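Given next are the chains, with one letter for each unit.
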Amino acid sequence: MKQFLTALALGASAVFASGAADAATLDQVKQKGFLQCGVSTGLPGFSNPDAKGEWTGLDVDLCRAVAAAVFDDPTKVRFSPLTAKDRFTALQSGEVDILSRNSTWTLSRDATQGLNFTATNYYDGQGFLVRKSLGVKSAMELNGASVCTQSGTTTELNVADFFRSNNLQYEVVAFQGQEETLKAYESGRCEVFTSDQSQLYALRLKLADKDEHVILPELISKEPLATAVRQGDDQWFDIVKWVHYGMLNAEEAGITSQNVKDMLNSPNPDIKRMLGAEGNFGEQIGLTKDWLVRIVSKVGNYGEAFDRSVGKGSPLQIERGKNALWTKGGLQYGPPIR
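Everything numeric here is computed off the predicted structure, so don't read it as measured data. (Residues numbered from 1 in each chain as written. Predicted model: local features only at pLDDT ≥ 70, side-chain atom pairs only at ≥ 80, totals over all residues. Heavy atoms only, no water.)

(A) Quick look at the overall build of the protein. The helix and strand tally for the protein stands at 14 helices and 12 strands. Taking 2.2 N^0.38 as the reference for a compact globule, 338 residues should give roughly 20 Å; the C-alpha atoms of the protein span a radius of gyration of 22 Å, in line with that estimate. Its C-alpha atoms give the protein principal-axis dimensions of about 75 × 55 × 40 Å. By residue count, 52% of the 338 residues in the protein fall in the buried class. Pairs at least 24 apart in sequence give 72% of the contacts found in the protein among residues at least 6 apart. Only carbon and sulfur atoms are counted for the fraction: they give 51% of the accessible area of the protein, which is about 15500 Å². (Helix = DSSP H or I, 4+ residues; strand = E, 2+ residues; numbered from the N terminus. Rg over C-alpha atoms; globule rule 2.2 N^0.38 Å. Buried < 20%, exposed > 50% of the residue type's maximum accessible area, 1.4 Å probe, protein only. Contact = heavy atoms within 4.5 Å. Areas by Shrake-Rupley, 256 points an atom, 1.4 Å probe, with all protein chains shown as cover.)

(B) Representation of the state of the cysteines in the model. Scanning the model with the defined rule gives two disulfides in all. The disulfide partner of cysteine 37 is cysteine 63, and the gap between their sulfur atoms is 1.9 Å. Here cysteine 37 and cysteine 63 share a disulfide; its torsion about the S-S bond, 45°, makes the bridge right-handed. With cysteine 37 in strand E1 (residues 35-39) and cysteine 63 in helix H3 (residues 58-71), this pair connects stretches of sequence that are 26 residues apart. (Disulfide = S-S within 2.5 Å.)

(C) How the structure looks around the domain arrangement of the protein. Per the domain assignment, the segments making up the protein are domain 1 (2-124 + 223-328) and domain 2 (126-215). Spacing between the C-alpha centres of domain 1 and domain 2 amounts to 31 Å. At the interface, 18 residues of domain 1 touch 19 residues of domain 2. Carbon and sulfur atoms make up 54% of the area that domain 1 and domain 2 hide from each other, which totals about 1400 Å². Looking only at domain 1, the three residues that lose the most surface to domain 2 are Leu43, Asp124 and Glu223, adding up to 30% of its buried area. Run the count over domain 1 and domain 2 and you get zero salt bridges. Run the count over domain 1 and domain 2 and you get five residue pairs in polar contact (both at pLDDT 80 or more). Counting only elements with at least two residues in the side of domain 1 that touches domain 2, the list comes to strand E5 (98-104), strand E6 (115-124) and strand E12 (223-230). Along the lines of polarity and charge, the residues of the side of domain 1 that touches domain 2 split into nine nonpolar, four polar and five charged. (Domains from an automatic or database assignment. Buried area = accessible area lost by both parts, 1.4 Å probe. Salt bridge = Lys/Arg side-chain N within 4 Å of Asp/Glu carboxyl O. Polar contact = N/O pair within 3.5 Å; in protein donor to acceptor, adjacent residues only side chain to side chain. Nonpolar A, V, L, I, M, F, W, Y, C, P; charged D, E, K, R; others polar.)

(D) Structural context of the side chain of threonine 181. Along the chain, threonine 181 turns up in helix H7 (residues 178-186). There is a polar contact of 2.7 Å between the side chain of threonine 181 and the backbone oxygen of glycine 177. In contact with threonine 181, not counting residues within four places along its chain, are Cys148, Thr149, Gln150, Phe175 and Phe193.

(E) Quick peek at helix H2 (residues 24-32). Turning to H2, its buried residues are Thr25, Leu26 and Val29. Angular distribution of buried residues about the axis of H2 spans 100°; they occupy a single face of the element. On its buried face, H2 is in contact with E1, H3, E12 and helix H9 (234-253). With its phi angle positive at about 85°, glycine 33 sits one or two positions after the end of H2. (Arc of directions from axis to C-beta.)

(F) Geometry of empty space enclosed by the protein. Following the criterion strictly, the structure yields four cavities of 30 Å³ or more and no others. Approximately 130 Å³ is the volume found for the largest cavity. In terms of lining residues, the largest cavity is bounded by 14 residues, among which Arg87, Asn102, Thr153, Asp196 and Gln199 are the most central. Examining the composition of the lining of the largest cavity, we find that three residues originate from one element, E5, more than from any other. Counted by class, the lining of the largest cavity contains one nonpolar, nine polar and four charged residues. Three or more residues apiece are contributed to the lining of the largest cavity by two domains, here domain 1 (2-124 + 223-328) and domain 2 (126-215). Taken as a whole, the second largest cavity spans an internal volume of roughly 40 Å³. Lining the second largest cavity are Thr149, Gln150, Thr155, Gln178, Thr181, Phe193, Thr194, Ser195, Gln199 and Leu203. Secondary structure elements with two or more residues in the lining of the second largest cavity: strand E8 (145-150), H7, strand E10 (192-196) and helix H8 (197-204). The dominant element in the lining of the second largest cavity, judged by the number of residues it contributes, is E10, at three residues. Taken together, the residues of the lining of the second largest cavity break down into two nonpolar, eight polar and no charged. (1 Å grid on protein atoms, 1.4 Å probe; cavity = no way out; pocket = protein on both sides within 12 Å on 5 of 7 lines; lining within 4 Å. Points joined across faces, edges and corners; volume = space filled by probe spheres on them.)

(G) Highlighting the packing of aromatic side chains. Evaluation of the coordinates by the stated rule reveals 12 aromatic pairs. With centroids separated by 5.9 Å and ring planes inclined at 35°, the aromatic side chains of tryptophan 55 and phenylalanine 79 adopt a geometry described as tilted. Placement of the pair is tryptophan 55 in strand E3 (residues 55-56) and phenylalanine 79 in strand E4 (residues 77-81), with a sequence separation of 24 residues. You'll find tryptophan 55 and phenylalanine 79 in the same group, each marked buried. Here tryptophan 326 and tyrosine 333 contribute two aromatic rings whose centre-to-centre distance is 5.0 Å and whose plane-to-plane angle is 50°, an arrangement assigned as tilted. A residue is classified by how much of its surface remains accessible, and tyrosine 333, at 45% relative accessible area, is partly exposed. A cation over a ring is seen here: arginine 131 above tyrosine 185, with NZ or CZ 4.5 Å from the ring centre. In this structure, arginine 320 is placed above the aromatic ring of phenylalanine 306, and the distance from its NZ or CZ to the ring centre is 5.0 Å. (Phe/Tyr/Trp six-rings, centres within 6.5 Å; stacked < 30°, edge-to-face > 60°. Lys NZ or Arg CZ within 6 Å of the ring centre and 35° of its normal.)

What follows is the structure in structure tokens.
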């Protein structure tokens, strides 16, 4: 009996400890009064500081949406610019609470980096940027080309696989940082710049003669860009994941930053559940009943964030494509809030 009681006590302690660990990040964020968000060192459309040091972009908006859900204030977030090499270490060490930094979700990263990817914020693929003067219309014409890429990313492996599988010769020229890689391409140290296609659209804006460069049509990989959190904190994982899904559900339901307060009076049961008029769904993941109202009223739905960051309301002018809602032929799909 004594052994049974001891085992029972140890089991209860383990359950309690597990529960405490699960709530750790949310508690820590609330205690310090802000969210620490890991972002890129500057990628227009995704995470980029303006002249006043204000961060904007699709990845930035995800962090602001989490801050809005937790604090009812999207400004209660601080941004840590991270290189591709340092990003996962910063998350593992606790330097940041969330990594929202155009990072590709892969099996090896999921299994070996001590993190969990929450949801795909942007479906992307690797492409090629070349000078128009090169006279190339397709990636299949790049035999013998020198290719600039950033080390510590999935692009190195993808470009190697592409050239090898197509029996093409190439020379890789790798650099540590994104800006260094772009400057090398611009100065002529290589003929081709390869990265995620969304990055190519963004980085082309930084070139002095941007109209003299073209993005080739081929995509040579799948690059689901996803937000990540540390492993072992299921509550925080759920919060970050459902912030993204909530923004998608809001877009699908036609709930915007302009009409969200009016939508509180909607008779639609799905909208009632989303906005907290029925049920306690926000409270189930550690947030408030009006968690999605907070997000949409202060940051917008996914479509609003996409349009102003990378879409028709931005300099990048990227089509929704695979990032359209599933109801419009895309891959973005929010599970139901019920």
